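The primary structure of each chain is shown beneath.
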Amino acid sequence: MAGVNKVILVGNLGKDPEIRHLDNGIAVANFSLATTESYTNKQGERVNQTEWHNIVLWRGLADVAEKYLKKGNSIYVEGKINTRKWEDKEGVTRYSTDIIADKMTMLGSRSNNSSSAATAVSQAESSPTKSSGNDDLPF
């Protein structure tokens, strides 16, 4: 039986994206994304719980991130979970869990992002087979 590895996150960038270009010219962007969940505890106090995610964008999405994403921007990300394993300099085994994003949409107002064109570019780059919206869904 096949499995499903799908992640959807909406959050805010914790830092500006770090962009690298591999020897073959492919761009890779890395940044942290904060998602915050709010709930009321037994004492009736409002509690915010923030989770941090390592996001990786490749190729065209990395180019969009380099041009338009800044610390604090709100984004929508779809992708998959990937866990890496390596040994550090002292020989200790380390693990890192990343979200490898294949779709990304910039959220927020124009003042939060460079321009409305940036949102259009990121949406077009992230989902080249976007539907026309005429799918006869009742909602």
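Residues numbered from 1 in each chain as written. Predicted model: local features only at pLDDT ≥ 70, side-chain atom pairs only at ≥ 80, totals over all residues. Heavy atoms only, no water.

To continue, consider the nonpolar core. In terms of nonpolar packing, the biggest core is built from 21 residues, with Ile55, Leu57, Leu69, Ile75 and Met104 touching the most fellow members. Taken together, the elements giving at least two residues each to this core come down to β1 (7–13), β3 (27–40), β4 (46–58), α1 (59–68), β5 (74–87) and β6 (93–106). Among the elements that make up this core, the one with the highest residue count is α1 (5 residues). Ignoring anything within four residues of it in the chain, the contact list for isoleucine 75 reads Leu9, Val10, Gly11, Leu13, Phe31, Leu33, Leu69, Met104, Thr105, Met106 and Leu107. (Core = buried A, V, L, I, M, F, W, Y, C linked by side-chain atoms within 4.5 Å. Buried < 20%, exposed > 50% of the residue type's maximum accessible area, 1.4 Å probe, protein only. Helix = DSSP H or I, 4+ residues; strand = E, 2+ residues; numbered from the N terminus. Contact = heavy atoms within 4.5 Å.)

Within the fold, glycine 11 resides in strand β1. On the basis of relative accessible area, glycine 11 is assigned to the buried category, the value being 7%. Here the alpha-carbon distance between glycine 11 and threonine 35, two residues 24 residues apart in the chain, equals 4.7 Å. The contact partners of glycine 11, leaving out residues within four places of it in the chain, are Leu33, Ala34, Thr35, Asn73, Ser74 and Ile75.

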